[in-house]
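# Analysis of the macromolecular model
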Amino acid sequence: MNKRNLCFVVFLLSFFCVNYIYAEEIKYDFSNGAIYSYEYIRQDVSFVNAPIIATKKNSSVEKIPFFIKTVGFQDNAFILDIGNEKATVRRYISPNGSIKGSPAEDSSIFPFFLVFPDGDWKIGTSITKKNDVVAFGKKYPVNWTYTLNKIDDARGLAEIDFKAKFDLNDDKYYSKAMTLTGQIIFNMAEGVIHQANWKSSYGSKLVCKEVSITRELWTFQKQTIHSLKMTGVEK
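Residues numbered from 1 in each chain as written. Predicted model: local features only at pLDDT ≥ 70, side-chain atom pairs only at ≥ 80, totals over all residues. Heavy atoms only, no water.

## Points about the environment of Phe78
With respect to the secondary-structure elements, Phe78 resides in strand β4 (residues 77–83). On the accessibility criterion, Phe78 (5% relative accessible area) is buried. Considering only alpha carbons, one finds Phe78 and Asp29, 49 residues apart in sequence, at a separation of 8.3 Å. For Phe78, the contacting residues outside a window of four places in its chain are Tyr28, Asp29, Phe30, Gly72, Phe73, Arg91, Tyr92, Ile93 and Pro95. (Helix = DSSP H or I, 4+ residues; strand = E, 2+ residues; numbered from the N terminus. Buried < 20%, exposed > 50% of the residue type's maximum accessible area, 1.4 Å probe, protein only. Contact = heavy atoms within 4.5 Å.)

Dropping the structure here:
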C-alpha cells in the first residue's frame, strides 16, 4: 500500500474511530533547494509603575520578512540558511526539529524550532521537553509542553498547542516571571510550519522591606504578541 492510499484509509477510519487513538508522525521535511518565505510580526506593549513617577506605557509593532532556504541534507540533518537581505544564519536541523549545528554562532539565538517527538504522536496527548535559555546574563531552565490537538486530514494540517514555563530564580527583594503560550499550524504534506501565533508575558518587581512593612519600589510588565505566517514557496 503506497502512502497516498494509506492516508485515504486513515481518513475513512476517522468516521468510525475516536480521535485520541489516531497517531501521526510530525516531522520537518524541507524540500532540497526550496525557498520558504515567511512574515513575522511582533507587537510589544510595556508598562512601568513607580511611586515617584506616573505610569508609563510604550508600544511598538515590527514586521520582519525572512526566508528559509534548504541548502541540502546531510548526516540526518537539513542544512538551512535563514534570514533576509540584511543577514543570514545557518542551522543544521534534524527532522524532529532539534538543532544539530550552528556554525560560528550560539544556537540559542533566533530562530528556534519546536522539537517534535520521534515516531507517532497520538492526538490529544502532550509531550514535554527541557532546555536552557540565556537571559539577564544567566542560564535558566525552561519546560516546554506540546499538545497535538487535532489533524485536518483533508488539508494535511496539524494543530499543535505549546507553552513554556520558565524557572526564574527570585529573591525576597526582586522577583520576575515569564510565561509563553501559543499555537502552531503545521503543514504535514510539506513538512514545514504553515502558521504560528503565540504570546509572551514578562513581569518584574522590586520591593523594599522595612521591619514589617513592604513597599513596592517599581514594577515592570511587558506583553508581546507574535505572529508567523508562510507567504510563499519557491521550488
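## A few points about unusual backbone geometry
For Asp75, which is not glycine, the phi dihedral falls at a positive 50°. With respect to the element layout, Asp75 can be found in the loop between β3 (53–74) and β4. Classification of Asp75 by relative accessible area gives exposed; the value is 62%. For Asn76, which is not a glycine, the phi torsion comes out positive at approximately 60°. Residue placement: Asn76 occurs in the loop between β3 and β4. Judged by its relative accessible area of 46%, Asn76 falls in the partly exposed class.

## Regarding the nonpolar core
Of all hydrophobic cores here, the largest spans 41 residues; its most connected members are Tyr28, Phe30, Tyr38 and Phe186. Considering every element that reaches this core, the biggest residue donor is strand β9 (residues 138–152), with 6 residues. (Core = buried A, V, L, I, M, F, W, Y, C linked by side-chain atoms within 4.5 Å.)

## Let's talk about the packing of aromatic side chains
According to the stated counting rule, one finds 13 aromatic pairs in the structure shown. When the ring of Phe30 is compared with that of Tyr36, the centres are 5.7 Å apart and the planes differ by 70°; the resulting orientation is edge-to-face. Of the two residues, Phe30 and Tyr36, neither departs from the other in class, the shared state being buried. Judged by centre distance (5.4 Å) and plane angle (75°), the rings of Phe30 and Phe78 are edge-to-face. Here Phe30 is found in the loop between β1 (23–25) and β2 (35–50), whereas its partner Phe78 is found in strand β4, with 48 residues between them in sequence. Its relative accessible area of 5% is what places Phe30 among the buried residues. By the ring-pair criterion, three or more aromatic residues cluster together here, those being Tyr28, Phe30, Tyr36, Phe73, Phe78, Phe116, Trp121 and Phe186. (Phe/Tyr/Trp six-rings, centres within 6.5 Å; stacked < 30°, edge-to-face > 60°.)

In short, the description is geometric, and any link to function would need to be established separately.
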